[in-house]
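A closer look at the structure
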Amino acid sequence: MPIHEASVLIIEDEPEIRRFLRTTLPQYGYRLYEALTGQEGLTQAAARNPDLILLDLGLPDLDGLDMIQRLRKLAAVPIIVLSARDQEQIKVEALDLGADDYVTKPFGVNELLARMRVVLRHAARAPGDTGDPVFTAGTLRVDLERRQVFVSGKEVSLTPIEYKLLTILVRHAGKVLTYRQLLKEVWGPLRVDEAHYVRVYMQHLRNKLEAKPAHPRYFLTELGVGYRFRID
Amino acid sequence: MPDRRPKPEELLKLAQEEEARQARGKLKIFFGATAGVGKTYAMLEAAHEQLEDRVDVIVGWVETHGRTETEALVKGLEILPPRLVEYQHATLREFDLDAALTRRPQLILMDELAHTNAPGSRHPKRWQDVVELLNAGIHVYTTVNVQHLESLNDVVTQITGVRIGETVPDSVMEQADDVELIDLPPDDLLQRLREGKVYVPEQAQRAIENFFRKGNLIALREMALRRTAERVDQQMESYRRDHAVQRTWPAAETIMVCVNMKPRGPRLVRAARRMAAGLHAKWLAVYVQTPRHLRLADADRERVNQTLRLAEELGAETATVAGEHVAQEILAYARSRNVTKIIIGKPVRARWKEWVFGSVVAELVRNSGEIDVYVITGEAGESRPLITPALARTNRWPTYALSTAGVVLCTAVAWLMAPYFDIANLIMVYLLGVVVIATRYGRGPSILASFLSVAAFDFFFVDPRFTFDVAAVQYLLTFAVMLAVALLISNFTVRARQQAELARDNERRTALLYALSRDLAMQRGLENVVRVALQHVTEIFGGQVAAFIADAEGSLALHHEPHRRFEFDPKESGIVQWVFDHGERAGAGTNTLPGASALYLPLIGVKGPIGVLAIRHAQKGYLLDPDQIHLLEMLTNQIALATGRTLLAAEAQQAHVAAETERTRNAILSSVSHDLRTPLATITGAASSLLEGKEPLAPTARRELAQAISDEANRLERLVKNLLEMMRLEAGASRLKKEWHPFEEIVGAALGRFEGKLGDRTIETRFPPELPLVHLDGVLMEQVLMNLFDNTLKYAPPATAIELTASVSGHTLLVEIADRGPGIPAGDEERIFDKFYRADPAREGGVGLGLTICRGIIDAHGGRIWAENRPGGGAVFRFTLPLEGSPPRIEPEGDGHRHADT
C-alpha cells in the first residue's frame, strides 16, 4: 500500500524536535505541517485534515489527554503520542482514549517511521476489512479463515481464549495494545481491571508459539503499558 | 610615670558597654528631691514630645495622685491595662510586665521606680521590671526621689527621721542613660502642697508636719542636686575617657568593707558604697568565716548572707574567707587585692571583753601598715532583712542538762575514789569530765561544767564537807586554778573540735566536688552527664532535683532522675525561661519570685547559658544557707562545664558529619560532571566534524561519527535515567505499583531491550516449569534486570554465556545472574552496591548508580540482593523476592484444548 505523500501534522512545542522531524520526514515522502501549541494543533487538524498526527503530550497550553479526545471528535485520524519516559500511566490513558501508538523520547527515526507505517496501514484499511485471511510472520502462520495456527509448518493447538487473544494481536500487528483493550476484546467489559489474565495467557501463547519463551520474538511486553505483536 | 593612656582592656570594656547599651533600651530617670516637685508631669510632657515625633509610647504605670494637671496630660497616651492581683481580700492593680513585653512599645512610662510589687509578681520590685524591659530593648522613662536611692537611705533617715521602705539600687541610677533633675525650690513646693496640688488637703497637712518640713526639703534638695552633680562629673570623666582627653588618671583605689553577722552590716555596706562612688573606686565586701561561724544561729548566718547580697546589689565584689584569726585574714586578703582603704564597724563590745579577748579593730589598725582603716559607727536594729527566713533556733538546753549530769557522774566517781586517793587527784576526774563535755557539747555546756565542777569539788570534798565554806585559804587558790584550767581546757578543746569540724566540712565539700567532677568526666552523652549530675546533687542536698537543658533551638527540655520524679509545676516554666534568659538565679530563697516552690539556678557554660538546674527542698530555708549556696554554685559550675563540654562534643560530631556529607557531595558532583561531560564531548566533537569538516567526508567516516553520536547519546540517556531513578528512590517518591506478573515475562521484556547489544554472547535462562505469579512492580523489576544485565555485559568476555536462573524455595523466589567475567575484587562485594561506587573507575560506563538502584528497588520489595564470586571464575548476582499472598485465581476455560470449530 503506497504511503507516499501522506501528510503528517506535528503538534510539538520543542523547536529542536520539530527541526529534526522537518529535516527527516520529507526524505521519507511525508508532507509535514507544524503546530506549536495545542490550540493551533486543533485548528490545523481541522483545516488540513492530515493523514497522521504526532502529538506531544507536554504542550504548554492544553492537556495532552484533552487534546486526544478533541482530536478524536474531529476525525478518525491516527494519532501517535510523543511522551517522555516514566510516564507509563499517561501513555496507557492516552492509548485508552484513542491514541493509536506512542514513541518515547528520545526516539530514533527508525522507530518513529515503523510506528507511523503501522498506524497508517491500519488506518488505510476499510472498516470491516480484516485483511489477509492468512497472516504470516517469520515461522508463525495463522489461518484466520480456518482458525489454524502453525509454527514452522506444524499445527499448534490453542484454547479458544488463547486463539482469540492471538487473533486480536495479529489483527493489530505492530501496534501496541493496552491491557484494558485486550481484556475488553477477549474477556468482555467486566474483566477490564484484571490484567493478570492477559499476562498469564500471553505466557501460554509464548510457551506454545515462541522458540524461546523467555526471550520472545513476536509477543513483546511493554511493561506498564501492554503488548505488541512484532512484525518486522 | 603616670598612666596617660586608657589601657586596652579599658577600651574593650568601653566597647562592650557601648554594645550592650545599643541592644538595651535606654533608661531616662526624672529625678527629684521629694514627691510633688513635678517629676511625673515632666515625664508625661516628655512623652508627648516623643509621641509627636511618632515614637510608639505607652503608659506602663502612672500615679497621678489625683492631680488634675497631671491627669490631663495622661489623656492622649495609650495606657497599658493594669494587672489585677488578689491579695488578702483586696484587688490590687499592678503593672503588667508580660503584657508590656508582648505589646513591645518603643518607649514605656514607668512612674515610681521604687515601688514594691504585690506579692506573687515576677519581681518583688518595680525597678527589676524596668531592668527586664530594658533588656528586652524597650526604652523606659521613670521617676525617682532622692530618698529612694539605696545608698542615701541611711542619710535620709538621719535627716528626716522617717524610714523609707522602698529603695532602688544605685546601680540602676548609674546605668541610666539620662537623668533629668526636676527641681523646685522648697518654698514653691510648700506652696504647691498647701494649694492641695500634691496631696489631698488633710493628707497634705500631715505631710507638712512630718516629712515636708522646710529643713528636710532643703536637705533633700541638696542631696538631689549633689547626686546629679556627681553624675555629671562621672559623665565628664567618661567623656574624657571616650575622647582620650589626657588627664591624670587617679591611682586606682580599692575599698574593702568587713562585714559580720551584726545587724549594722548593711549600714557599713552603704557607707562603703558612698565612699567608693565618691572616689570612683572599686570596692569589695568581705566576711571572715571563723570556726565560730558554724555555731552561729541560723538567723545570724542569714544576716551575713543578706549583707553580702546587699553589697553585691550595690555593685561590690563579695568574698568569704575562712580562717581562725579575723584581723590577720582581713589584712591578708586586703593585701592580696591591693586594697587601699578598709572600712570596719566600731566595736560595740564591753571594754573588758576587749581586754580579755582582744579587739579585731585594734589589731587591724596596728598591723594595717599602708592601708587606711576607717572605723564607722553602727546603729543596731536598723536593718531590714530582704527576706525573713523562717528558721527555728535549735534548742540547746538538753546539752546543758547533759553537762550537769556529767558533773554529777564525775562527783560519783570522785566519791568512790576519795577514800583511797589524795584530794588533789580528784580534781583530775573533774577536769577529765570537762574535756569530755567540751568535746561533746561545745563551749557553753563545758563552761557550765567548769563552774559546777569547782562548786561540787568544794561542796563534797573540801573540808568542811557538805558546805560551801572553805576551811583553809589555800583552797581558794586551788579553786581559782582549777577553774582557770577547766575553762582553758574547755576553750582549747572546743576550738580544736571546731577546727576539726571546719576541716571536715571543707574536706567533705572537696570530696563531693571531686566525686562529681570525676563521675562527670567519665560520662559520654548529654543524657548521662545530666543523670550523673542530678544524682550527685540529690545525694548532697536531698529533695527534688531537675535540670532543664536547652536544645539547638533554645527550647528547654526537662530532665530528672528516672526513679525520683521532680514534680514540675508548669506555672513555673516562666521562671525557668527567665533564669535561662537572664543567667541569674530565681525562685525560692532569692529576690526574684521568692514564692516559687523551687530554687532555679542557671547553668552557664563557656559559650553562654546551657540550661537551668532546679532544686526543691522540703525544708524551705535550707537552701538559703550561704554554705549551701556556695557549694551549690560550685556544683552548678561543674555541671555546666561538663554539660557544655558534652554539647560541644556533639556539635563537633555534627560538624564532622557535615564535612563528611560535603565530601561525599563533592565526590558525587565530580563523578556526575565527569560522566555527563564525556559523552557530551564526544557528541559535540563528532557533530562538529560532520558540520564543519572541510573535505566532504567519506561515507564510512560519516557513518562512524553518526554512530558515535548515537552511542554517546544513549549512554547519556541511561545516565540521566539512572540519576532520576535514584532521586526518585531516595525521595521515596516511587511508590511500588505491585501487580501479579509471570516472572519470565519480565525477564523477556528486559532482554528485549538488549537486542543487538549482546554481540556473540548468549543469555541462557532456566526457569522451573510451574513458576508462580509474583506480586511486584513490573516496571521497576524490569529496571533491576536491565541494570544487572548492563553490569554483567560490561564484564562478561566475548563468546561466553550469561546465565539467568530463577528458583523457588519456600516462600522466596531466588534469581541469579552469573557471568564468566573477572569477578568482583575481594572485599568489594558489598561496596559495589554503594552509591557512586565503581569497582574500576577507569572503565567506561555509568556513574555507579545501577546496582544502587537495584538494591533500592529490591529492598522496597522486601527482598535482598548480593553479589559473590563464582567457583570457576566470574561473578554471580543474586536477589530474592518474597512470595507473599496468594496469586489471584485464573478461571479455567471450560473444556477442550482446541478451540471450537463452530
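Presented here is an overview of the structure given in this document. Everything quoted here is computed from the prediction, not taken from an experiment. (Residues numbered from 1 in each chain as written. Chains lettered and ligands numbered in written order. Predicted model: local features only at pLDDT ≥ 70, side-chain atom pairs only at ≥ 80, totals over all residues. Heavy atoms only, no water.)

**Focus: the overall build of chain A**
Helix and strand counts for chain A stand at 8 helices and 12 strands. Per-residue burial for chain A yields a buried fraction of 54% across its 232 residues. Counted over contacts in chain A with a minimum sequence separation of 6, partners at least 24 positions apart contribute 58%. Total accessible area computed for chain A in this model is approximately 10,500 Å², and 50% of it derives from carbon and sulfur atoms. (Helix = DSSP H or I, 4+ residues; strand = E, 2+ residues; numbered from the N terminus. Buried < 20%, exposed > 50% of the residue type's maximum accessible area, 1.4 Å probe, protein only. Contact = heavy atoms within 4.5 Å. Areas by Shrake-Rupley, 256 points an atom, 1.4 Å probe, with all protein chains shown as cover.)

**Structural notes on the overall build of chain B**
A tally of regular secondary structure across chain B gives 26 helices and 25 strands. Buried positions account for 44% of the 902 residues belonging to chain B. Put simply, 70% of the contacts in chain B that link residues at least 6 apart link residues at least 24 apart. With an accessible surface of roughly 46,500 Å², chain B has 55% of that area assigned to carbon and sulfur atoms.

**What about the sheet that holds strand β23 (residues 812-818) of chain B?**
All names here are of chain B. The strand order β20-β22-β23-β25-β24 describes an open sheet built from 5 strands, whose pairing is mixed. Edge strands, defined here as strands with exactly one partner in the open sheet, are β20 (762-766) and β24 (864-869). Averaged over all pairs of adjacent strands, the angle between strand axes in this sheet comes to 15 degrees, irrespective of strand direction. Relative to strand β22 (residues 801-809), β20 runs parallel, the two being bridged by 5 bridges. (Pairing = 2+ DSSP bridges. Axes fitted to C-alpha atoms, helices over the stretch in contact; angles between N-to-C directions.)

**Quick notes on a nonpolar patch on the surface**
Together, Trp 415, Leu 416 and Phe 466 of chain B give the surface a local cluster of nonpolar side chains, amounting to about 350 Å² of exposed area. With respect to the helices, strands and loops of the structure, Leu 416 of chain B is situated in helix α16 (residues 397-417). (Patch = residues over 30% accessible without salt bridge, like charges linked within 9 Å, V, L, I, M, F, W, Y side chains within 5 Å. Salt bridge = Lys/Arg side-chain N within 4 Å of Asp/Glu carboxyl O.)

**Topic: helix α4 (residues 88-96) of chain A**
By the burial criterion, the buried members of α4 of chain A are Glu 88, Lys 91, Val 92, Ala 94 and Leu 95 of chain A. One face of α4 of chain A carries all of its buried residues, which in axial projection span an arc of 160 degrees. Next to the buried residues of α4 of chain A lie α3 (64-74), β4 (79-83), β5 (101-104), β10 (176-178) and α7 (179-187) of chain A together with α25 (778-795) of chain B. The first or second residue beyond α4 of chain A is Gly 98 of chain A, which carries a positive phi of 125 degrees. (Arc of directions from axis to C-beta.)

**Some details on the environment of Thr 478 of chain B**
Residue and element names in this part refer to chain B. Within the secondary structure, Thr 478 is located in helix α19 (residues 474-522). Sequence-wise, Thr 478 and Val 454 are 24 residues apart; in three dimensions their C-alpha atoms are separated by 9.3 Å. Beyond its immediate sequence surroundings of up to four residues, Thr 478 is in contact with Ile 427 and Phe 457.

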